[in-house]
Amino acid sequence: AMAAERTLAMATCTAPVNIAVIKYWGKRDTDLILPINSSLSVTLHQDQLKTTTTAAASRDFTEDRLWLNGKEADVGHPRVQACLREVRRLARKRRGGGEDAAALSLSYKIHIASENDFPTAAGLASSAAGYACLVSALARLYGLEEELSEVARRGSGSACRSMFGGFVQWQRGERPDGTDSLALQVAPETHWPELRLHSLVVSGEKKPVGSTAGMQTSVETSPLLKHRAEVVVPERLAQMMQHIQDRDFEGFGQLAMRDSNQFHATCLDTFPPIFYLTDVSRHIIALAHRYNAHHGHTKVAYTFDAGPNAVIFALADAVAEFVEVLRRSFPPATNGDQFVRGLPVGSAALSPELVAAVVTEPGGLPGVPNPCPAPQPGPGPQLVDDPSQHLLGADGLP
């Protein structure tokens, strides 16, 4: 009975960002967050990009509270509430309705603090990491072990994919209640050791149209999106899983680029149209195609989510050369060497032929990408055991 007297219980987790290679865009149920098509993503390593969340419960707390990046935020947000409600429901169900003396009281109010180490709402999948992290920390607090991707989905669709490491599929599901719309790991992060990813931050600004509003306008107005969801994606999903299984970079890279391009085409087909890519984004696309053409096969591949920032895929042996190509195309002098910060690669020598064929004068490019290296696919959410890493103090405040 001593445990019931615990005045403060606390749990801290970290969760990863994921980047879709077969894109999710459009819901068939906006309340339950059920998608119009399945999607497939790669989980980025948490060394570079992650969300950290601490959840604490105490009988001394008078209300639920939430802090994001040090500032108090609205804990009443419907999606935050959906996650809280679902986790508490599962905890109650698990206890068979009876209060276990040693278990944390479900009537206690909760304090949550969350921090991102990347720009929020700039197309770096911050909501995915954020909600995956929230659900992981709450589950740990309440002692839940079960499949939680369905709960994370209620916070942000793509968050269900951040509940696993490596290569992850979010199944569309068929049931109207969404119980079969969940994430499954296709292959672990150790499956393809040579694969490298690199996110190029073109802009840390907020997007012109948020994903939530944008995708519903697309569902309502784009015939191309309907065709994509019903006809194109099911076929591509099967192909992409095969390429991953076979570690076939040629197939993987080409399909990732095609799917990214088609997703942005559905944004253009939306009415009024949505423009997520910028001149710098398009410059990166052209550069990748020139680079691959020069080499005669797919050595690098790009994918863009709902924003201007690129994620570049390459095999380990191509990274140094392509980074040097990027360096020459976007000279670091213009942005205080931000561009190459944290790159774990030596400077590669480029042949004059390569420079002539691929590197173009960047002539007045507006803004220059900063890369956040995320060298390899990484694991799912992690528990942080070190109490000094908690984002809330013993008083339950940041």
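Quick look at the structure, then. Keep in mind it's a predicted model, so treat the numbers as computed, not measured.

Each value, and the rule that gives it
- Residues numbered from 1 in each chain as written.
- Predicted model: local features only at pLDDT ≥ 70, side-chain atom pairs only at ≥ 80, totals over all residues.
- Heavy atoms only, no water.
- Phe/Tyr/Trp six-rings, centres within 6.5 Å; stacked < 30°, edge-to-face > 60°.
- Helix = DSSP H or I, 4+ residues; strand = E, 2+ residues; numbered from the N terminus.
- Buried < 20%, exposed > 50% of the residue type's maximum accessible area, 1.4 Å probe, protein only.
- Contact = heavy atoms within 4.5 Å.
- Disulfide = S-S within 2.5 Å.
- Core = buried A, V, L, I, M, F, W, Y, C linked by side-chain atoms within 4.5 Å.
- Pairing = 2+ DSSP bridges.
- Axes fitted to C-alpha atoms, helices over the stretch in contact; angles between N-to-C directions.
- Parallel < 35°, antiparallel > 145°, perpendicular 65-115°, else oblique.
- Left-handed = near helix turned anticlockwise from the far one by under 90°.
- Nonpolar A, V, L, I, M, F, W, Y, C, P; charged D, E, K, R; others polar.

**A few points about the packing of aromatic side chains**
In the structure shown here, the tally under the stated rule is 10 aromatic pairs. With centroids separated by 5.3 Å and ring planes inclined at 75°, the aromatic side chains of Trp192 and Phe252 adopt a geometry described as edge-to-face. Here Trp192 is found in the loop between strand 11 (183–187) and strand 12 (195–201), whereas its partner Phe252 is found in helix 6 (residues 249–269), with 60 residues between them in sequence. Exposure remark for Trp192: the relative accessible area of 1% places this residue in the buried category. Between the aromatic rings of Phe249 and Phe252, the centroid separation amounts to 6.2 Å while the plane-to-plane angle is 40°, which identifies the pairing as tilted. Taken together, the positions of Phe249 and Phe252, both in helix 6 and three residues apart, correspond to about one turn of that helix. Each member of the pair, Phe249 together with Phe252, is buried. Three or more aromatic residues joined by ring pairs form one cluster here, namely Phe167, Trp192, Phe249, Phe252 and Phe313.

**Some thoughts on helix 4 (residues 211–221)**
Residues Gly214, Met215, Gln216 and Ser218 constitute the buried set of helix 4. If you follow the buried residues of helix 4, they end up packed against strand 3 (27–29), helix 5 (223–246) and helix 6.

**Structural notes on the state of the cysteines**
Inspection of every chain in the model, using the stated rule, returns zero disulfides. Cys13 takes part in no disulfide bond, and the closest cysteine sulfur to it belongs to Cys133, at a distance of 6.1 Å.

**Describing the environment of Pro78**
Tracing the sequence through the fold places Pro78 in helix 1 (residues 78–94). Classification of Pro78 as exposed rests on a relative accessible area of 62%.

**Here's the deal with the nonpolar core**
Core analysis: the biggest nonpolar cluster contains 53 residues, and Met240, Phe252, Ile284, Phe313 and Val325 have the highest contact counts within it. Discounting chain neighbours no more than four positions away, the residues touching Phe252 are Val21, Val42, Trp192, Leu195, Met240, His243, Ile244 and Phe313. Judged by nonpolar contacts, the second largest core, of 35 residues, contains Ala9, Leu104, Tyr108 and Leu141.

**Thoughts on the sheet that holds strand 1 (residues 8–16)**
With mixed pairing, the six strands of this open sheet are ordered in space as 8-7-9-6-1-16. The open sheet has two free edges, formed respectively by strand 8 (71–73) and strand 16 (382–383), since each of these has just one partner strand. Bridge count for strand 6 (residues 50–58) against strand 9 (residues 109–116) is eight bridges, and the pairing is antiparallel. The partner of Thr51 across the bridge, within strand 9, is Asn116.

**Describing unusual backbone geometry**
Along the chain, Phe271 connects to Pro272 via a cis peptide bond; the corresponding omega equals -5°. Of note, Pro272 is situated in the loop between helix 6 and helix 7 (279–295). A positive phi angle, near 55°, is found at Ile33, a position not held by glycine. Mapped onto the fold, Ile33 is located in the loop between strand 3 and strand 4 (34–35). Of the residues examined, Ile33 reaches a relative accessible area of 0% and is grouped as buried. Phi at Arg247 takes a positive value of approximately 50°, unusual for a residue other than glycine. Following the sequence through the fold, Arg247 ends up in the loop between helix 5 and helix 6.

**As for the pairing of strand 2 (residues 18–22)**
Burial analysis of strand 2 places five of its five residues in the buried class, which makes it a mostly covered element. Bridging between strand 2 and strand 5 (residues 39–43) involves four bridges; their strand directions are antiparallel. In the sheet register, Ala20 faces strand 5, and the bridge partner there is Ser41.

**Side note on the sheet that holds strand 2**
The sheet built from four strands is open, its strands ordered 2-5-10-11 with antiparallel pairing. At either margin of the open sheet sits one strand with a lone partner, and together these are strand 2 and strand 11. Within this sheet the neighbouring strands show an average axis-to-axis angle of 35°, counted without direction. Bridging between strand 10 (residues 167–170) and strand 11 involves four bridges; their strand directions are antiparallel. By the bridge assignment, Gln169 is partnered in strand 11 with Leu184.

**What about the packing of helix 5 against helix 6?**
Closest axis-to-axis distance for the helix 5/helix 6 pair is 11 Å, and the angle between their directions is 165°. Classified by the angle between their axes, helix 5 and helix 6 sit roughly antiparallel to one another. Considering only the axes of helix 5 and helix 6, their crossing is left-handed. Only Gly251, Phe252, Leu255, Ala256, Arg258, Asp259, Gln262, Ala265, Thr266 and Asp269 of helix 6 make contact with helix 5, whose side of the interface consists of Pro223, Leu224, Leu225, Arg228, Val232, Arg236, Gln239, Met240, His243 and Ile244. A per-class count over the contact of helix 5 with helix 6 returns 10 nonpolar, five polar and five charged.

**Brief notes about the pairing of strand 6**
The buried fraction of strand 6 amounts to eight of the nine residues, a majority that puts the element mostly inside the structure. Sheet analysis places strand 1 next to strand 6, joined by nine bridges and oriented antiparallel. Each residue of the ladder has a partner; that of Met10, found in strand 6, is Ala56.

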